[in-house]
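# Examination of the molecular architecture
For reference, the chains in residue letters:
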Amino acid sequence: MPIHLTINGKHVTAPEGATILEAARANGIDIPTLCHHPDLSNIGACRMCVVSVEKARGVQTACTTPAAEGMVVNTMSPEAIETRKFVLEMLLTDHPNDCMTCEVNGDCELQDLVYDYNVKWPEHNGKRHQYEIDPDPNPFIFIDRNKCILCARCIRACDEIQNRSVWNFANRGFETKLVAGADQLLLDAYCESCGQCVAYCPVGALFDKMSLGKGRIMQVKKVRTTCSYCGVGCNFDLNIRNGQIVRVTSAPDAPVNGMALCVKGRYGYDYVHHPDRLTRPMVRAKWLDADTVAEQVKSGQWALFTEAQQRRASLSYRRTSGNGKSPAQDSQSEITPDTFVKTDWDTALDVVARKFTQVKKDHGGDAFALLASAKCTNEENFIFNKFTRQMLATHSIDHCARL
Amino acid sequence: MSKTNQHDIELNLMDEVFAQYGEEKGALIPVLQKAQALYGYLPPEVLQHISRRMKIPVSKVYGVATFYAQFYLERRGRHVLRLCDGTACHVKGTPILLTALEDHYHLQPGETTEDNELTVEIVYCLGSCALAPVAVFDGTVMGRMKQKTLLNTIKKRTDLK
Amino acid sequence: MQQALVHDLAERRTLAQTRWQAKTQADVYITVGMGTCGIAAGANDALKGIQRELEARGIRAEISEVGCVGMCSYEPMVEIQARGRERINYGNVTTRQVKEIFRHYFDGGALRKAVIVGQVMPTTTESHSHVLHSLSFRSIDAGEQIPFQSKQLRIVLSNCGLIDPESIDDYLAVDGYSALEKALLEMTPEEVIEEVLNSGLRGRGGGGFPTGLKWRFARATPSWPKYVICNADEGDPGAFMDRSVLEGDPHSVIEGMIIAGYAIGAEYGYIYARAEYPLAIRRLQIAIEQARELGLLGKDIMGSGFNFELQIKEGAGAFVCGEETALMNSIMGERGQPWPRPPYPAVSGVWNKPSNVNNVKSYAYTPRILRLGADWFKSLGTENSPGTAVFALTGQTQRTGLIEVPMGITLREIIFDVGGGVPNGKQFKAVQTGGPLGGCLPDAYLDTPVDFDSLRAAGAVMGSGGMIVADESTCMVEFAKYFMRFVVDESCGKCPPCRIGSTRMLEILERITAGEGTMSDLDEIKRLARGMQLGSLCALGQLAPSPVLSVIRHFEDEFVAHIENKECPAHVCQNLITYRVIPDLCTGCMVCARNCAVQAISGEKLQVHEIDPEICVRCGLCYAVCNFDAIEIISPR
Ligand SMILES: Cc1cc2nc3c(=O)[nH]c(=O)nc-3n(C[C@H](O)[C@H](O)[C@H](O)COP(=O)(O)O)c2cc1C
Ligand code: SF4
Ligand code: SF4
Ligand code: SF4
Ligand code: FES
Ligand code: FES
């Protein structure tokens, strides 16, 4: 049975069991939040979402209070606003004044609310936490506890979505501190580096380490894409700056996965700009006509890729940690039968077609066995199936996901 | 299966505890209490062991162990002096006792002397306010404590000078 | 079978009563107060001494170890009664005094260190043909009640000091478990709730919520199982009422909990007890086992078809776990952080099931209410706060201890009549109730009646029963700071107003007591207080500013003195005082110089000494050791 209530003078209905916050948001009325996230359980910790409810004492947290029939709610009562301002001010008294260089400047829920409620920077000589910045050597997750507002979203994301329960709070009161495991390093605390905690952090306390200093929200363009790693079809946003992918961020409206991503989807994008990445088909020299090779290389259509070059490329990549620049070409190298030649698709596919036909002629279709990939789409796998059974004439086809 | 480890801790002392609480919901706190009774404090190995055996994430075990004042994650002194700073005791002179400790042994509440001889702790009200200020030395409750008596007790019962 | 159980209990009760008669009317009947306070004062040794003395004198006596009668300043306390003679309660009976009191009682010898507390008169209250046994003390000569007891009315403490808490027979002999019998066999759960509701009993954990109403809500929630929880966390510094009840009369709490279980439809109960109370926990454990043995816990209690089991959960040192939702989190093995209500425990508590949380005393009252009737209970105390209030009276009064007084009595009566006023000729300054979540009241408020509503209106609260009296030697600013430090230590850290607000407030108070405050700090305190009250998740943060605010309200001049004059009028705040030798009184005995840890005192033998304020760390040792009161404290420096 739907519930009827009044929020800021507006009559609204909400489904049974809805909180005041859900009822308000569903009706276009915003209530500020920090510890709340629609994907996570509600704990009512941050006190930002307080509203006044007629006949109730004090203020109530909209994220935890169920909407009730006949309830009269004022989301902008003087008490609610005063409480929010106080909470924000208190949070700032234990927060670095660092927005200028902060990674999440412009993409920070705390910053936005401080702006919305016009809270001034509180000067004081009292205690502030001085935690070591980036104390954890793991390659993916950057931690700055000085910015942590103890909203517990990371804790709940890891526990409720990822089921790893890596994070928790230690100690109590002002000394409450976010820790992994028993105050261990993330990887020792069974972290699988999925980055969910980072995605749910409303401030810059947790951040993607690979993206440090690579560009902030207003400097990047977000491009929605589907993950190329497996067939689940997760969506996320590539954050592009100067034609380079600098970060992957969750897309809350992703139909398959929501905010969730695995370590590969979120952090496995460095291959895109990696020098080792195959961008053209390569064929060993022995399968090509030697004269054509010499001619095409000379004209610059094709290129040689020696082992020495290969080694140097990955070394320099590691040194500059993937800035995408290739090392200088080595023109002096000698062609052996096993040297890879960067050719064009027609040439390469011709070689494949020629050899398939030969094998089929000599040994019959059953000489082939084909393995499809979980990374391919259904359509691609359909074509693959047709190709196997009709062209190669074999039933020996399988799929990597069965291995 | 006896395991030696960094702190040479006999983890299988805990087997009996797990046997007793194995089935009980929400038994983490009593298990931690029993563990502390066995080892005197809660070394990291024990926390990990409890996490594994009770199938509770270690982050939760740690979060609980650090929340409650009763649990110690570090080894404590051979002798423990607890001074009550509950209201009655505070009014009747605990701060003076603390100053004496600070002056003589450079000990602040919560600290242990370097030779691991004495740990000093503050507790809030031992329920013997009529005897305020109250000190507990190694479990013996001593009422109406004065600076001199306190320092004498420490001299008599520990190796400290 | 069912009949047999009831019958068994009746039989056991008759037997217990016979034993009780035999014991209390033995040739010689001796009781020793064995509460934590008694034991701390040396009751164990006294007991051994008594056994030796009895042997030496060849006396055969019944010795009963009883709970605390509440006069902690007299511990250890021993009662002696020889058949046909008066029953005398002696105080300060350490081992050495044992012979002394025996000589006094049996041979008419004089007392030296031991004192006579009073003549003990077992008394009874009757209503609805049920009797409430308790003890009262009369002074030997005047024959009237001793002052400490004159205004007291012992209901929830009636058994403390009367019976042996480790003997279920003693409890049965004084009508124990008869209320349970009545509830299970003669009343429906609704009738039990109705009776508790009619009695007007309000929760004694501090909030004062009507207990019957709470039970009704818990009963109304259509979910199962349900839980009955006893809040025995008692974390207020300076409070030990619940401990005394648990130590002196554990069965009454258990009986109350079973009755509550029956009323709301719960079959399981938890007693969440403060870990610092090992004796209370042990006695509870013993009592639970005894009750189980007699079938008062377990399946099909007294053949009523009602099942109930109880378990003790030990706390682990967190004041906030006294807050009911934090307490339930702690029972479930979590960090003891509160959750916002709703959901209320009556709807969703432990294991997300309906739970009823009450204070120790709230449960302990209910068997008495069922036995003597709601109208009897309602006739005591005031209209809106019926019954009695239990306080741990501590601080600067002649007599301290545990008292039970009818609601409506004034603070003045408690402090000056029961407590005997402030000792050593000092001036009364303030009385603090409700601990870190309560407030202080000055003498102008001494005629405030003690009940839930009046105290709240005056700016203090009933709290769970701590009452601390401060005299002129207490610095109220320091007092306020002390409570705020307690809150900072005990805040769970979940919500920013309390976690950070309390820290900021403490910083200001520290500044003020260090002589570095400004007048605008007072406004800042009020602003922080308002934010905490408004925004905090649980009552800890909401009420934590109360002590400070009450000091600002009633003792603003002390704040001003600290801020404007850099003066601590009570001579307490170390940064604002200095020690000085009064030349006229100094005899040059050198005691102070020898005792000073930092060698701040100089002076030749028989010459006037001098304290160097630069070196002095203001520990106060010289002040304490000087035999000629030749050292004074000066503020401002
Ligand atoms: C910080 C805090 C500490 C509390 N401590 C206690 C306590 O020690 N004992 C207690 O009975 N109630 C305590 N309470 C009150 C409980 O939350 C709860 O209201 C009470 O146990 C209900 O029992 P009652 O209805 O019998 O009073 C505390 C509340 C707060 C906010
Ligand atoms: S990266 Fe994933 S597994 Fe690791 S802590 Fe964050 S959410 Fe948990
Ligand atoms: S790290 Fe971020 S998400 Fe986690 S508690 Fe801190 S502010 Fe919240
Ligand atoms: S008010 Fe204090 S104790 Fe209560 S939830 Fe907030 S931080 Fe915790
Ligand atoms: S959003 Fe509701 S309390 Fe944090
Ligand atoms: S205040 Fe120290 S024992 Fe109560």
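These remarks concern the structure in this document. If you're wondering where the values come from, they're calculated on a predicted model, not measured in any experiment.

## A look at the overall build of chain A
- Regarding its fold elements, chain A presents 10 helices and 17 strands.
- Overall, chain A is about 90 × 55 × 40 Å in size when its C-alpha atoms are taken along their principal axes.
- Burial statistics for chain A: of 403 residues in total, 46% are counted as buried.
- Sequence-distant contacts in chain A: of pairs separated by 6 or more residues, those separated by 24 or more amount to 62%.
- As presented, chain A carries roughly 21300 Å² of accessible surface, and 53% of it is formed by carbon and sulfur atoms.
- Where the 46 positive side-chain charges of chain A centre and where its 47 negative ones centre are 2 Å apart.

## Remarks on the site of ligand 2
- Near ligand 2 you find Ile141(A), Cys158(A), Arg164(A), Val166(A), Trp167(A), Cys191(A), Glu192(A), Ser193(A), Cys194(A), Gly195(A), Gln196(A) and Cys197(A), and these make up its full shell.
- Classifying every residue of the shell around ligand 2 gives 7 nonpolar, 3 polar and 2 charged.

## Considering the interface of chain A and chain B
- The interface is formed by 13 residues belonging to chain A together with 11 residues belonging to chain B.
- Between chain A and chain B, the buried area comes to about 960 Å², and carbon and sulfur atoms account for 56% of it.
- The three residues of chain A that bury the most area against chain B are Asn171(A), Arg172(A) and Ala182(A), which together make up 42% of that side's buried surface.
- Inspection of the chain A/chain B interface yields 0 salt bridges.
- Considering every element that reaches the side of chain A that touches chain B, the biggest residue donor is strand S7 (residues 167–170) of chain A, with 4 residues.

## A short note on helix H13 (residues 324–331) of chain C
- Across the 8 residues of H13(C), 8 count as buried, placing the element largely inside the fold.
- Looking only at H13(C), the buried set comprises Glu324(C), Thr325(C), Ala326(C), Leu327(C), Met328(C), Asn329(C), Ser330(C) and Ile331(C).
- Check the buried side of H13(C) and you find it contacts helix H2 (28–39) of chain B together with helix H9 (211–220), strand S7 (227–232), strand S8 (268–273), strand S9 (309–314) and strand S10 (355–359) of chain C.
- Where H13(C) terminates, the next one or two residues include Gly333(C), which has phi positive at roughly 80°.

## Observations regarding the environment of Leu107(B)
Residues and elements named next belong to chain B.
- As for its placement among the helices and strands, Leu-107 is situated in the loop between helix H6 (94–105) and strand S2 (118–123).
- Along the sequence, Leu-107 and Val-120 sit 13 residues apart, while their C-alpha atoms lie 7.1 Å from each other.
- Apart from residues no more than four positions distant in its own chain, Leu-107 is found in contact with Leu-101, Glu-102, Thr-112, Thr-113, Leu-118 and Val-120.

## Focus: the sheet that holds strand S15 (residues 466–471) of chain C
All names here are of chain C.
- In space, the 5 strands of this open sheet follow the order S12-S11-S15-S13-S14, with mixed pairing throughout. Every other strand in the sheet has two partners, leaving strand S12 (401–406) and strand S14 (439–441) as the edge strands with one partner each. Between one strand and the next, the sheet's axes are offset by a mean angle of 30°, whatever the strand orientation.
- Note that strand S11 (residues 388–395) and S15 share 4 bridges and pair parallel. In the sheet register, Gly-395 faces S15, and the bridge partner there is Val-469.
- On the sheet, helix H16 (residues 411–418) packs against S11, S12, strand S13 (428–433), S14 and S15 and is oriented at approximately 115° with respect to S13.

## Quick notes on the packing of H9(C) against helix H11 (residues 250–264) of chain C
Residue and element names in this part refer to chain C.
- Running from amino to carboxyl end, H9 crosses H11 at an angle of 50°, the nearest separation of the two axes being 8 Å. If you check the angle between H9 and H11, you find them oblique. Residues Trp-215, Ala-218 and Arg-219 of H9 form the contact with H11, whose participating residues are Ile-259, Ala-260, Tyr-262, Ala-263 and Ile-264.
- Of the residues that constitute the contact of H9 with H11, the class distribution is 7 nonpolar, no polar and 1 charged.

## What to know about the nonpolar core
- Judged by nonpolar contacts, the single largest core of 140 residues is most densely connected at Leu110(A), Ile141(A), Trp167(A), Leu32(B), Ile50(B), Tyr68(B) and Ile525(C).
- Among the elements that make up this core, the one with the highest residue count is helix H18 (residues 476–490) of chain C (10 residues).

## Some thoughts on the interface of chain B and chain C
- Contacts between the two partners involve 39 residues from chain B, matched on the other side by 53 residues from chain C.
- Counting each side, the surface lost to burial between chain B and chain C is near 3500 Å², with a carbon and sulfur contribution of 57%.
- The salt bridge partner of Lys313(C) is Glu24(B), with a shortest N-O separation of 3.6 Å.
- In this structure, the connection of chain B to chain C is made through 12 residue pairs in polar contact (both at pLDDT 80 or more).
- Per element, the largest residue contribution to the side of chain B that touches chain C is 5 residues, and it comes from helix H4 (residues 58–67) of chain B.
- Across the side of chain B that touches chain C, the residue classes tally to 18 nonpolar, 13 polar and 8 charged.

## Re the pairing of strand S3 (residues 78–82) of chain C
Residues and elements named next belong to chain C.
- With respect to burial, S3 is a largely interior element, 5 of its 5 residues being buried.
- The side-chain alternation of S3 yields two buried faces, one formed by Val-78, Ile-80 and Ala-82 and the other by Glu-79 and Gln-81.
- Pairing geometry for strand S1 (residues 28–33) and S3, over 5 bridges, is antiparallel. Note that in S3 the partner of Thr-31 across the bridge is Glu-79.
- With 4 bridges connecting them, S3 and strand S4 (residues 87–91) associate as antiparallel partners. Looking at the pairing, Ile-80 lines up with Ile-88 of S4.
- Between S3 and the antiparallel strand that follows it, S4, lie 4 residues; Gly-84 among them carries a positive phi value of about 80°.

## Describing the sheet that holds strand S12 (residues 244–250) of chain A
Residues and elements named next belong to chain A.
- Judged by pairing direction, the sheet is antiparallel, and its 3 strands sit side by side in the order S10-S11-S12 without closing on themselves. Edge positions in the open sheet fall to strand S10 (221–226) and S12, since each of these has one partner strand only. Going from strand to strand, the sheet's axes swing by 35° on average, the running direction of each strand aside.
- Both strand S11 (residues 235–241) and S12 contribute to a ladder of 6 bridges, which runs antiparallel. Directly across from Phe-236, in S12, lies its bridge partner Ser-250.

## Overview of the environment of Thr24(C)
Residues and elements named next belong to chain C.
- Mapped onto the elements of the fold, Thr-24 is located in helix H1 (residues 2–24).
- For Thr-24, a relative accessible area of 14% corresponds to the buried category.
- Through-space distance from the C-alpha of Thr-24 to that of Ala-82 is 9.6 Å; in sequence the pair is 58 residues apart.
- If we ignore the near neighbours within four places in the chain, the residues touching Thr-24 are Tyr-29 and Gln-81.
- In this structure the side chain of Thr-24 is engaged in a polar contact, spanning 2.8 Å, whose partner is the backbone oxygen of Trp-20.

Thresholds, definitions, all that
- Residues numbered from 1 in each chain as written.
- Chains lettered and ligands numbered in written order.
- Predicted model: local features only at pLDDT ≥ 70, side-chain atom pairs only at ≥ 80, totals over all residues.
- Heavy atoms only, no water.
- Helix = DSSP H or I, 4+ residues; strand = E, 2+ residues; numbered from the N terminus.
- Buried < 20%, exposed > 50% of the residue type's maximum accessible area, 1.4 Å probe, protein only.
- Contact = heavy atoms within 4.5 Å.
- Areas by Shrake-Rupley, 256 points an atom, 1.4 Å probe, with all protein chains shown as cover.
- Lys, Arg positive; Asp, Glu negative; His and termini not counted.
- Charge placed at Lys NZ, Arg CZ, Asp CG, Glu CD.
- Near = heavy atom within 4 Å.
- Nonpolar A, V, L, I, M, F, W, Y, C, P; charged D, E, K, R; others polar.
- Buried area = accessible area lost by both parts, 1.4 Å probe.
- Salt bridge = Lys/Arg side-chain N within 4 Å of Asp/Glu carboxyl O.
- Pairing = 2+ DSSP bridges.
- Axes fitted to C-alpha atoms, helices over the stretch in contact; angles between N-to-C directions.
- Parallel < 35°, antiparallel > 145°, perpendicular 65-115°, else oblique.
- Core = buried A, V, L, I, M, F, W, Y, C linked by side-chain atoms within 4.5 Å.
- Polar contact = N/O pair within 3.5 Å; in protein donor to acceptor, adjacent residues only side chain to side chain.

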